[in-house]
Amino acid sequence: MRRQTGKRRTITGLLTGLMLLGNGCALLPEAGNRAKLLDMPSLEQTANADPAVEKRIREWPRAQWWRDFHNPELERLVETALSGSPALRIVRARLGQAQAVADYQAAEMLPSVGASADVHLRHFSETDFYGPTGGTTAVGAYIDPLVFRYHLDLWGKDRAALEAALGREQAQASELAVAKLILSTSIARSYFRLCSAEDEIKLAQALIADAEEMLRLAKLRRDKGIDKQDPVHAAEQKLEAAHQREASLRAEARVLRNRLAALSGQGVDWGNVITTSESAFTGPFPLPESLSIGLLAHRPDVAAALWRVKAAAKLVKVAETEFYPDVNLVGFAGLHSLNLKDLFLSNGASVAYSIGPTVTLPIFEGGRLEASLKNEQAGYDAAVESYNEALLNAVQQVADALAHWRKSREHDEAQERALHAAEAEAALNEKRFRAGLNTRDSEIEADMQMIEQQLKLSELQAGHLQAAVGLIEALGGGYESKATQYE
């Protein structure tokens, strides 16, 4: 009964001591004014700027959005890049680091159990307080097969540190999604432009053939005295301009192939085997039902910024807990002896054990705790403002992408009408030439005008596909995130 009473008094004393230490801990400064998260601006009027868009508000782009263009070569390029790009490997390695840090923080919440052994030669001073052992030398040993330590997370420090690490891990995972989105959209833009350049090279060659025919006829008329030298010079200029256009297109195609090879993580020669074919985007372009809500979940850069805000808030909590007492439960059990020969031959006299709380209390730190807290609070403010900036940029990019896509669609339709008119004009001039009502020059001129319109349409169609890719990128490319609300 006396032993139980003594234990109760000991426990009561420890608890009382902890309460006194808690009352005597360093004063926590006031939080002050912290940065605020912006609400999502409305995009409904922007999305519904024309009646046709409202009918498309059904769903977001799919995660593998490039398959919607029904182009096997584009699919091959994107999938090769996603598996072989060094840039993505770098981001994946950073994600692995973040995951390891989170695992380490999770392990910090568990008890640690280990063992230790210490064998030493010690000489005791004759002038110190060692008593009978003064002036002697002994070989001792401390063998503890069980060493126990457990941090009592009274103030939630370990939990906050773990949640901060998990937030950084999620932010890095979102960064990986950003890198994948940028890589895949860059490949799609370059590939669509390459397909257009290859088509334009063929059209430029047809233009060269017409220009050569014009020059041949001009020289023929000059040699027969029917016409002067001026038409020859004009035809030569058109021919050289056509050759320059073809050379520029070939150089552009070569650069695009090199770029696609590099983006895919391959050598430049790999770009020579890239095939070009037409792409088809079937059906109307889909938009989210609610842009104002959807951007938080479908923009990986916005999600990453929000995860960083959450992580920064937890780091502030960690810094706040530094102002409170820190309690560790530690213990050991083993054999301790100043003489190695008595370690195992003392009939249990060398047995030693200990268990109990170890309390550390910040009383005077010279402003270190305040400075650390201010640093984390400033980091939180910076994370909030970074999120606000990312959100505003995302809204602007969606609005700009919608504007570019609508413009490219209108230009495509206008250019198709212009091409139809040029084709009709070329067909009419061909009939007139065959009927003897027109010269061959007029027929060639009409054909060259038609080719010029085809060149413009090819460029605009590539621009329309690139604008569609830009809108997909602005909408997040099918990315999904749970970081839609700040808690």
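Residues numbered from 1 in each chain as written. Predicted model: local features only at pLDDT ≥ 70, side-chain atom pairs only at ≥ 80, totals over all residues. Heavy atoms only, no water.

**Student:** How would you sum up the overall build of the chain? Please name residues and give values.
**Tutor:** Assigned secondary structure in the chain consists of 11 helices and four strands. For the chain, the residues scored as buried account for 39% of the 487 residues in total. For the chain, the accessible area works out to roughly 27,400 Å², and carbon and sulfur atoms hold 55% of it. (Helix = DSSP H or I, 4+ residues; strand = E, 2+ residues; numbered from the N terminus. Buried < 20%, exposed > 50% of the residue type's maximum accessible area, 1.4 Å probe, protein only. Areas by Shrake-Rupley, 256 points an atom, 1.4 Å probe, with all protein chains shown as cover.)

**Student:** How would you explain the packing of helix α5 (residues 86-108) against helix α6 (residues 157-223) if you had to name every residue and give the values?
**Tutor:** At a minimum axis distance of 9 Å, the contact between α5 and α6 shows a crossing angle of 165°. Overall, the two elements α5 and α6 adopt an arrangement that is roughly antiparallel. Taken as a pair, α5 and α6 cross one another with a handedness that is left-handed. When grouped by side-chain class, the residues that make up the contact of α5 with α6 number 15 nonpolar, three polar and eight charged. (Axes fitted to C-alpha atoms, helices over the stretch in contact; angles between N-to-C directions. Parallel < 35°, antiparallel > 145°, perpendicular 65-115°, else oblique. Left-handed = near helix turned anticlockwise from the far one by under 90°. Nonpolar A, V, L, I, M, F, W, Y, C, P; charged D, E, K, R; others polar.)

**Student:** If you had to explain the sheet that holds strand β3 (residues 326-337) to someone new, which residues and values would you point to?
**Tutor:** Strands sit in the order β1-β2-β3-β4 across an open sheet of four strands; the sheet is antiparallel. The open sheet terminates on both sides in strands that have one partner only, identified here as β1 (112-123) and β4 (351-360). The average angle at which neighbouring strand axes cross in this sheet is 25°, direction not considered. (Pairing = 2+ DSSP bridges.)

**Student:** Hey, could you go over the environment of Gln-170 for me, with residue numbers and the actual values?
**Tutor:** Note on placement: Gln-170 falls in helix α6. Through-space distance from the C-alpha of Gln-170 to that of Arg-308 is 8.5 Å; in sequence the pair is 138 residues apart.

**Student:** Outline the packing of aromatic side chains, listing residues and values.
**Tutor:** All chains considered together, the criterion is met by five aromatic pairs. Consider the rings of Tyr-191 and Phe-192, whose centres lie 6.3 Å apart with planes at 55°: the pair is tilted. Accessibility assignment for this pair places Tyr-191 and Phe-192 in one class, buried. In textbook terms, an aromatic cluster arises when at least three aromatic residues are bridged by ring pairs, as seen for Trp-65, Trp-66, Phe-69, Tyr-191 and Phe-192. Positioned over the ring face of Trp-307 is Lys-310, at 4.8 Å from the centre of the ring. Stacked on the ring of Trp-405, the Lys or Arg Arg-409 has its end atom at 5.3 Å from the ring centre. (Phe/Tyr/Trp six-rings, centres within 6.5 Å; stacked < 30°, edge-to-face > 60°. Lys NZ or Arg CZ within 6 Å of the ring centre and 35° of its normal.)

**Student:** Go over the environment of His-233 with me, naming the residues and quoting the values.
**Tutor:** Mapped onto the elements, His-233 comes out in helix α7 (residues 230-263). Along the primary structure His-233 and Leu-215 are separated by 18 residues, whereas in three dimensions their C-alpha atoms are 8.4 Å apart.

**Student:** Outline α7, supporting the account with residue identities and numerical values.
**Tutor:** For α7, with 34 residues, the first-to-last C-alpha span of 49 Å sits near the 50 Å given by 1.5 Å per residue. Among the residues making up α7, those that are buried are Val-232, Ala-235, Leu-239, Ala-242, Glu-246, Leu-249, Ala-253, Leu-256, Arg-257, Leu-260 and Ala-261. The inward-facing, buried residues of α7 contact α4 (72-84) and α6. Trailing α7 by a residue or two, Gly-265 shows a phi angle of about 75°, which is positive. (Expected span 1.5 Å × (residues − 1). Contact = heavy atoms within 4.5 Å.)

**Student:** Residues and numbers for the packing of α4 against α6, please.
**Tutor:** Where α4 meets α6, the axes come as close as 10 Å, and the angle between the chain directions of the two elements is 145°. Every pair of crossing elements has a handedness; the one defined by α4 and α6 is right-handed. On the side of α4, the interface is formed by Glu-73, Leu-74, Leu-77, Val-78, Ala-81 and Leu-82, while α6 contributes Lys-180, Leu-183, Ser-184, Ile-187, Ala-188, Tyr-191 and Phe-192. Among the residues making up the contact of α4 with α6, the classes are represented as 10 nonpolar, one polar and two charged.

**Student:** For the confidence of the model for the chain, give the residues involved together with the corresponding values.
**Tutor:** With 83% of its residues at a pLDDT of 70 or more, the chain has an overall mean of 83. No element of the chain has a lower mean pLDDT than helix α3 (residues 51-54), which averages 40, and none a higher one than α7, which averages 94. In this model, residues 46-60 is a region of pLDDT below 50 whose contacts with residues beyond four sequence positions or in other chains number 37 contacts. (pLDDT = per-residue confidence, 0-100.)

**Student:** Break down the nonpolar core for me, with residues and values.
**Tutor:** Trp-65, Phe-69, Leu-74, Ile-187, Tyr-191 and Phe-192 are the most contacted members of the largest nonpolar core, which has 43 residues in total. When contributions to this core are tallied by element, the ones reaching two or more residues are α4, α5, α6, α7, α10 (368-434) and α11 (440-474). The greatest single-element share of this core, amounting to 13 residues, is contributed by α6. Leaving out residues up to four positions away in the same chain, Phe-192 has contacts with Phe-69, Leu-74, Ser-279, Ala-462, Leu-465, Gln-466 and Val-469. Grouped together as the second largest cluster of nonpolar side chains are 18 residues, Ala-305, Val-309, Phe-323 and Leu-391 included. (Core = buried A, V, L, I, M, F, W, Y, C linked by side-chain atoms within 4.5 Å.)

**Student:** How would you sum up the pairing of β3? Please name residues and give values.
**Tutor:** Pairing of strand β2 (residues 137-152) with β3 involves 10 bridges; the strand directions are antiparallel. By the bridge assignment for β3, Leu-152 is matched with Val-327.

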